[in-house]
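# Analysis of the macromolecular model
In case you want the letters, here they are:
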Amino acid sequence: MDPGNVIEVRGLVNQFGTNRIHDGLDLDVHKGEVLGVVGGSGTGKSVLLRTIIGLNRARDGEIMVLGQDSRNLKGREARRLLRRWGVLFQDGALFSSLTVEQNIAVSMREHTRLPGHAINRLARLKIDMVGLPLHACSKYPSELSGGMRKRAGLARALALDPEIVFLDEPTAGLDPIGAADFDILIRDLQRSLGLTVFMVTHDLDSLVAITDRIAVLVDRKIKVGTVDELRMDDHPWIQDYFNGPRGRAAMASHGRD
Amino acid sequence: MVEDDAWINAERTADALVVAVGGDWRVDAVANLLRAATATWTAEKAGDGVSTAVVRARDISSLDSGGAWLLVHLSRQLEERGFTTRIDGLGDSHRLLLDRVRKSADRIEITEVPPNRNALVSALATVGEAAVNACKRAHELLSFFGLTVILLGRVIVRPWRLELTATLKYIERTGLDALPIVGLLAFLIGVVVAFMGATQLKQFGAEIFTVNLVGVAVLRELGVLITSILIAGRSGSAFTAQIGTMKVNQEVDAMQTIGLDPVEILVLPRIIALMITLPLLTFYANMMGLAGGAFMSVVTLDISLTQFLDQLSGAIDFTTFAIGMVKAPVFAYVIALVGCFEGLKVTGSAESVGQRTTMSVVEGIFLVIVFDSIFAIAFSYLGI
Ligand SMILES: Nc1ncnc2c1ncn2[C@@H]1O[C@H](COP(=O)(O)OP(=O)(O)OP(=O)(O)O)[C@@H](O)[C@H]1O
Ligand SMILES: [Mg+2]
């Protein structure tokens, strides 16, 4: 495995019944980058993410995460690898019976031997860092708005200072200002915490604003490049995506015409 | 181990307290570092011409927000002991992180967290709240009852408004599927009653009256009560969980927005289905209970089946049977009403579905028994 890569996927095949989602897919994620993953609805972005973090067993192919094969780990090794990444699921997936603060404290309780007051402080620290007001600490997920749930989910993903965070459509369902804030937040946290970010998104503005490279899922494979490289690609879907009206609007608003 | 790679030492020089730190200051190491730090300077106090503390951080090789928090926390502790504190020698990227964490850490310290109430006060408050809530719920349940009665009336006038498919589905689920367990339980109850009667009545040589006991107990009380309790546990809880899950998924909200009345669509079919099945199940349970009693009598009492039937027909009449059956639709209404009511009260979370389901079973059984005693009192006034 290339030392500059935190994730390497080789020849991945995923299939549900007769429905082949990925067919010989290759992907490298570099250390410290923000990688945007795009593709039409149902092309298998969420499945790719779930496969990398080991929630979905691939039919074939090799997946190395942080130098280890995420598929064949057991017991201690698996636990140690687990805590080196954090995941923000498409719909938050906060534990509905716990308060926001407890949601964040869960993984610290599970994986460290920190005393109670330190856990409490660190959980609140995370809540503040993702821009939630502190009175949200003692609220239950059902009492939060969609945007707040996303932030709380992000705080939980960051609870153990992971090296990689996986975000599944972090800005979907947020208002444009909220989405832009969230973009800045992710970029900011990524810089200060030195994260690698794997971000599935449909949001062209986020893509142009914060990603270093973009991976496009087309024809059951992945094409990777910067925005400018991908705009030159002559695949029809990619052309439509980046040079369609919304794509151009997003470029223009970020001064990259 | 990673955790041993982080260290902290304090040393007094002529003009400053130097706290040297280094290694991997990551969240795993925080627990140990915290302990080491406390051990290092519990005794240290500003004074003797020394009033500055320097945290020498140039040996820190990696830092995450847990470690950064600890740095902030430690320098704050030093300040509390009277030292002016600064953190030295941190790399640029680490400095960025530290500043960010410090900003957040300051905010969480100054934000007031509401204090805990005094234990006695909060215990009293809990009792009071529970009492008020119980009254509120009784009131709400009563208005819900009124609402369903109005809607039922409407369905009787315009029967084509009833969701027939759904109703039939619930009849199958609550009735047909419950047959084996209801039958078995009623049979066993018949056996137990007969056995108890036989052992007691034998002492007076009046074994034959065991048949009367079985007949009256099963038909008047036990058949309908056992069936209702079973159905409250089986179907009342299912109603709550089904409707509750739909609430969590906002399906109920969606119904309202397209002009469908959730009570009409979700609640009425269930109430009607249960009011049809529970009497039928009760009849079936009565028969099985009598069969259990007959079985026990034949086996242990040397009473033949013909004798049993003879004695039974003398012991009971249509009223005995009717008293049991009359209660069934009422209990059915209560169980379905409570089940649906609790389901609609679910808010937001999976937790709440669980709580409400428990509540629906407990309340369902409670109300069934309350109504049963009301019936008993009423019948005794009427002299039947
Ligand atoms: N557990 C499963 N069983 C069967 N098919 C599945 C399963 N999970 C996903 N799929 C199928 O895999 C395909 C890809 O799904 P996926 O959720 O990855 O899409 P996506 O790219 O994330 O789309 P979206 O942008 O809408 O979230 C879909 O066709 C879906 O039907
Ligand atoms: Mg998806």
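Quick note: structure is the one above.
Residues numbered from 1 in each chain as written. Chains lettered and ligands numbered in written order. Predicted model: local features only at pLDDT ≥ 70, side-chain atom pairs only at ≥ 80, totals over all residues. Heavy atoms only, no water.

The next thing to look at is the site of ligand 1. All names here are of chain A. The environment of ligand 1 is made up of 14 residues, and the closest members are Ser-41, Lys-45, Ser-46, Val-47 and His-202. In this structure, an oxygen atom belonging to ligand 1 sits 3.0 Å away from a main-chain N or O atom of Gly-44. In the model, an oxygen atom of ligand 1 is placed 2.7 Å from a nitrogen or oxygen of the Ser-46 side chain. When ligand 1 sits alone it has 640 Å² of accessible area, and the protein chains cover 59% of it. Where the shell around ligand 1 is concerned, the elements lending two or more residues are strand 2 (19-30) and helix 1 (45-52). Top contributing element to the shell around ligand 1 by residue count: helix 1, with three residues. Partitioned by chemical class, the residues of the shell around ligand 1 number three nonpolar, nine polar and two charged. (Near = heavy atom within 4 Å. Polar contact = N/O pair within 3.5 Å; in protein donor to acceptor, adjacent residues only side chain to side chain. Areas by Shrake-Rupley, 256 points an atom, 1.4 Å probe, with all protein chains shown as cover. Helix = DSSP H or I, 4+ residues; strand = E, 2+ residues; numbered from the N terminus. Nonpolar A, V, L, I, M, F, W, Y, C, P; charged D, E, K, R; others polar.)

Turning to the sheet that holds strand 3 (residues 52-63) of chain B, a few remarks are in order. All names here are of chain B. Across the sheet, four strands lie side by side as 1-2-3-4; this open sheet has mixed pairing. The open sheet is flanked by strand 1 (7-12) and strand 4 (84-88), the only strands paired with a single partner. Strand-to-strand twist across the sheet, computed as the mean angle between neighbouring axes with direction ignored, equals 15°. As paired elements, strand 2 (residues 16-25) and strand 3 share nine bridges and run parallel to each other. (Pairing = 2+ DSSP bridges. Axes fitted to C-alpha atoms, helices over the stretch in contact; angles between N-to-C directions.)

A word on the packing of aromatic side chains. With the rule as written, the count across this model stands at twelve aromatic pairs over all chains. For the ring pair Phe-283 of chain B and Phe-321 of chain B, a centre distance of 6.0 Å and an interplane angle of 85° mean the geometry is edge-to-face. Of this pair, Phe-283 of chain B sits in helix 9 (residues 262-301) while Phe-321 of chain B sits in helix 11 (residues 318-344), and the two are 38 residues apart along the sequence. Taken together, the ring pairs connect Trp-85, Phe-166 and Phe-198 of chain A into an aromatic cluster. Arg-156 of chain A extends its terminal NZ or CZ atom over the ring of Phe-95 of chain A, reaching a point 4.6 Å from the ring centre. (Phe/Tyr/Trp six-rings, centres within 6.5 Å; stacked < 30°, edge-to-face > 60°. Lys NZ or Arg CZ within 6 Å of the ring centre and 35° of its normal.)

Right, let's talk about a nonpolar patch on the surface for a bit. Residue and element names in this part refer to chain B. On the surface, Phe-295, Val-298, Val-299, Leu-305 and Leu-309 cluster together to form a nonpolar patch covering roughly 460 Å² of accessible area. Where the nonpolar patch is concerned, the elements lending two or more residues are helix 9 and helix 10 (305-315). The biggest single contributor to the nonpolar patch is helix 9, with three residues. Mapping Leu-309 onto the fold places it in helix 10. (Patch = residues over 30% accessible without salt bridge, like charges linked within 9 Å, V, L, I, M, F, W, Y side chains within 5 Å. Salt bridge = Lys/Arg side-chain N within 4 Å of Asp/Glu carboxyl O.)

Bear in mind that shape data such as this cannot, by itself, settle questions of function.
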